[in-house]
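Commentary on secondary and tertiary structure
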Amino acid sequence: MPSVLAEPRTALTMRGLSKTYNGNLALNSLFLQIRPGEIHALLGGNGSGKSTAIKILAGVVPADPGGELTVGDTVAGVSEWTPAKAHAAGLRFVHQQPAVFPELSIAENLAIGAGFPRGIAGRIDWPALHARTKDLLRKYQIAADPKTPLGLLRAADRSRVAIMRALQDRDDADSGVLILDEPTAALPDAEVAHLLDALRGYAAAGQTILYVSHRLDEVLSVADRVTVLRDGVKVDTVETKGLTEAALIELIVGRPLDRVFPASTVEVTDDAALVVRGLAGGPLRGVDLTLRRGEVLGIAGLLGSGRSELLRMLFGAYPRDAGTLVLDGAPYKPGNPDAAMKAGVAYVPEDRQADALLPGQSVRHNLSAGQSRDYYRGLRFHHRVERADSQRSISDFLIRVFNDEQPIETLSGGNQQKVVIARWLRRRPKVLLLDEPTQGVDVGARSEIYQLIRKATEAGTSVILVASEPEELAHSSDRVAVLRGGRITTIVSAPIDAHRLTELMNSSEGTP
Ligand SMILES: Nc1ncnc2c1ncn2[C@@H]1O[C@H](COP(=O)(O)OP(=O)(O)OP(=O)(O)O)[C@@H](O)[C@H]1O
Ligand SMILES: [Mg+2]
């Protein structure tokens, strides 16, 4: 029988992919084969080389010489690989920090990916573009108008637009690979489910998918096979069928690890650190809350419940229509973030790219940002102290860097997040507001971060924590307040059951 060559045996093969950054090996001779029609997850700790592999595939980061890529029938050496070739071969990408244009409309953002429809004399056919965008928005169930500037959408919807843009011309493609770098990191649970359904749908229709995630439950539910990287080296490729979460964690971390969250050892008093009464504005319609000194108070709520807005209001970064705030027994009326910080309130935002990092600056400087006064003795800046503090944070928070003078953008996504959290925790604020603090942080570092948060509460900091994973919220909070319809409907005290939280978030129970 003649051998059948019509059907490629693999959709994508990477052979000998390596990447050295300034003499440091970030990816070491990766060999990886993706089967046609499979969902393949690429896993590994922060800084293990996942995004590097994906950027090489996209042609945006040059690999070290010697590697080879096979996409369908296209075979190419890595030195000749370019973004145009990747596109022509059918690779489509949603990167960890998607390159979307916040000031342009949704329609324009889509058109930049697929080209503007042209009418007579080559003019851009706006009605056609808007109609096409409207269809796509409906299909992806994004409640927005084609003309809305992308920057006005919330983070979750911006990621969905990025995915929609990547997929827009590949509706019935049965070749090529859709490659997603942490597409669900910024999405709340309900939306994750929705997106996973969509991915399963595409795979069922023949689309091959390679994607990166730190959410292991999600990986086990959606992926056919997983490949695990550790320190730039492939550990293994395995089928997910029959694989347990514990086995997967062991592959990633290299040792067994309980997903333990530290138990509270702090005697939480009735002493109030922050009292919130009748807080209204945006989606909030009168929030009453008391944050006790030394506690971690979790906030549970669905997308759009106003969780993030609540934190922003407490930080003076979102307008308040009504309500009173009392911080440490004194009236607290933050007019802006500066005033909030002076009063001892710190905030780690969900969107670290836009809000929290100092681009172009070193890791060390990003860690000490806002703290430079502490390093002056008279007019002398004490570099040695700053350096020592920086080293301590790097080891406490398991931040993976080659050295702390690296620009912050050369860190992997999860490590950038750790820098932001470390910066605020070490300032020992009175009240710390955390919005999805472990988004993009690997399973090995998650429990450590919660331990460091606990350490801060032992030192007198009180924490309000917003997290999408009910499991994480349940394990790391002393109490959880459920936000629904713009109000706090229930407060659950420890021991907190994650399933119960999910029920409370969704039911109408307790709604006034
Ligand atoms: N432009 C760069 N310059 C120097 N080093 C870099 C650069 N980009 C990445 N690195 C380093 O390469 C290593 C791998 O980074 P990569 O972004 O691939 O990790 P990752 O597996 O995607 O991690 P995460 O889960 O945190 O996103 C890291 O140690 C990172 O600091
Ligand atoms: Mg990454």
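An account of the accompanying structure is given in this report. No experiment lies behind these values; they were computed from the predicted model shown.

1. Things to note about the overall build of the protein chain
Within the protein chain one finds 17 helices and 22 strands. Taken over 512 residues, the protein chain has a buried fraction of 45%. Across the protein chain, every contact between residues at least 6 apart in sequence was considered, and the portion connecting residues at least 24 apart equals 68%.

2. Overview of unusual backbone geometry
Glycine aside, the phi torsion of most residues is negative, and most peptide linkages are trans. Non-glycine residue asparagine 22 carries a positive phi angle of around 45°. Note on placement: asparagine 22 falls in the loop between strand E1 (12-21) and strand E2 (24-34). Positive phi, close to 50°, is recorded for glutamate 436, a residue that is not glycine.

3. Here we look at the sheet that holds strand E12 (residues 284-292)
With respect to topology, four strands assemble into an open sheet ordered E12-E11-E14-E15, the strand pairing being antiparallel. Edge strands, defined here as strands with exactly one partner in the open sheet, are E12 and strand E15 (330-331). Here two bridges tie strand E14 (residues 322-327) to E15, and the two strands are oriented antiparallel to one another. Paired with valine 326 across the bridge in E15 is proline 331.

4. As for the environment of asparagine 22
For asparagine 22, a count of 9 C-beta atoms within 10 Å gives the class exposed. It is 9.5 Å that separates the C-alpha atoms of asparagine 22 and phenylalanine 402, two residues lying 380 residues apart in sequence.

5. Thoughts on the environment of valine 219
For valine 219, the position within the fold is in helix H7 (residues 216-222). With 22 C-beta atoms counted inside 10 Å, the residue valine 219 sits in the buried group. Beyond its immediate chain neighbours, meaning those up to four positions away, valine 219 contacts Ala41, Leu43, Ser213 and Val226.

6. Re the pairing of strand E10 (residues 233-239)
Across a regular strand the side chains alternate sides, sitting on one face of the sheet and then on the other. Sheet topology note: the strand E9 (residues 225-230)/E10 ladder contains six bridges and is antiparallel. Bridge pairing links threonine 227 to threonine 237 in E10. Between the antiparallel neighbours E9 and E10 lie two residues, among them aspartate 231 with a positive phi of about 50°.

7. Some thoughts on the site of ligand 1
Inspection of the region around ligand 1 gives 20 residues, with Asn46, Ser51, Thr52, Ser412 and Gly414 positioned closest. Of all the secondary-structure elements, those providing two or more residues to the shell around ligand 1 are helix H1 (50-58) and helix H14 (413-425). Split by residue class, the shell around ligand 1 holds three nonpolar, 14 polar and three charged.

8. Points about the pairing of E2
When E1 meets E2, the two strands line up antiparallel, connected through seven bridges. From the neighbouring strand, tyrosine 21 faces E2, where its bridge partner is asparagine 24.

9. With respect to the sheet that holds strand E5 (residues 74-77)
To summarise the sheet geometry, strands pair through backbone hydrogen bonds and adopt either a parallel or an antiparallel arrangement. In space, the four strands of this open sheet follow the order E2-E1-E4-E5, with antiparallel pairing throughout. Lying at the two open borders of the sheet, with one neighbouring strand each, are E2 and E5. Geometrically, the sheet is characterised by an average inter-axis angle of 20° between neighbouring strands, direction not taken into account.

10. Section: the nonpolar core
Counting 66 residues, the largest nonpolar core has Ala300, Leu433 and Leu465 as its most contacted members. If sequence neighbours within four positions are ignored, alanine 300 has contacts with Pro470, Leu473, Val480, Val482, Leu483, Leu501, Leu504 and Met505. Counting residues in each nonpolar core, the second largest holds 62 residues, with Leu43, Val94, Ala107 and Leu150 among its members.

11. A word on the environment of valine 78
As for its position among the elements, valine 78 is in the loop between E5 and helix H2 (83-88). Between the C-alpha atom of valine 78 and that of aspartate 64, which follows or precedes it by 14 residues, the distance is 7.8 Å. With near-sequence residues (within four places) excluded, valine 78 lies in contact with Leu17, Ile56, Ala63, Gly67, Glu68 and Leu69.

12. Quick look at helix H9 (residues 307-314)
Of all eight residues in H9, eight are buried; the element is thus mostly enclosed. Residues of H9 that are buried include every one of Arg307, Ser308, Glu309, Leu310, Leu311, Arg312, Met313 and Leu314, and no others. Among the residues trailing H9, glycine 316 stands out with phi positive, at a value near 75°.

13. Regarding the packing of H14 against helix H15 (residues 443-458)
Running from N to C, H14 and H15 cross one another at 10°; their axes reach a closest spacing of 11 Å. Taken together, the axis directions place H14 and H15 in an arrangement best described as roughly parallel. As H14 runs across H15, the sense of the crossing is left-handed. On H15, the residues that touch Lys418, Ile421 and Leu425 of H14 are Ala445, Ile449, Leu452, Ile453 and Ala456. Residues of the contact of H14 with H15, tallied by class, amount to seven nonpolar, no polar and one charged.

14. Side note on H14
Over its 13 residues, H14 runs 19 Å from end to end, which matches the ideal 18 Å to within 8%, given 1.5 Å per residue. Most of H14 sits out of view: 13 of its 13 residues are buried.

Each value, and the rule that gives it
- Numbering of residues starts from 1 in every chain and runs along the sequence as written.
- To label them, take the chains in the order written and letter them from A, then take the ligands in the order written and number them from 1.
- Confidence filtering applies because this is a predicted model: local features only for residues at pLDDT of at least 70, side-chain atom pairs given and counted only at 80 or more, and all residues used for totals across whole chains, interfaces and linings.
- A helix here means a DSSP run of H or I that spans at least four residues, while a strand means a run of E at least two residues long, and both kinds are numbered starting from the N terminus.
- To assign burial, the other C-beta atoms lying within 10 Å of each residue's own C-beta are counted, with C-beta atoms placed from the backbone; 20 or more indicates buried, 12 or fewer indicates exposed, and intermediate counts indicate partly exposed.
- Whether two residues are in contact is decided by their C-beta atoms, placed from the backbone, lying within 7 Å.
- Note on pairing: two strands pair once DSSP finds at least 2 bridges between them.
- Should the C-beta atom of a residue, placed from the backbone, lie within 6 Å of a molecule or strand, that residue is near it.
- Residue classes follow a fixed rule: Ala, Val, Leu, Ile, Met, Phe, Trp, Tyr, Cys and Pro count as nonpolar, while Asp, Glu, Lys and Arg count as charged, and any other residue, Gly among them, counts as polar.
- Under this scheme, a helix contributes an axis fitted over its contacting stretch, all axes are lines through C-alpha atoms, and angles between N-to-C directions fall in the 0 to 180 degree range.
- We call a set of buried Ala, Val, Leu, Ile, Met, Phe, Trp, Tyr and Cys residues a nonpolar core when their C-beta atoms link them within 7 Å.
- Here the angle decides the label: under 35 degrees means roughly parallel, over 145 means roughly antiparallel, 65 to 115 means roughly perpendicular, and every other value means oblique.
- Crossings are sorted by hand: turned counterclockwise from the far helix by less than a right angle, the near helix makes the crossing left-handed, and turned clockwise it makes it right-handed.
- One fewer than the residue count of a helix, multiplied by 1.5 Å, yields its expected span.

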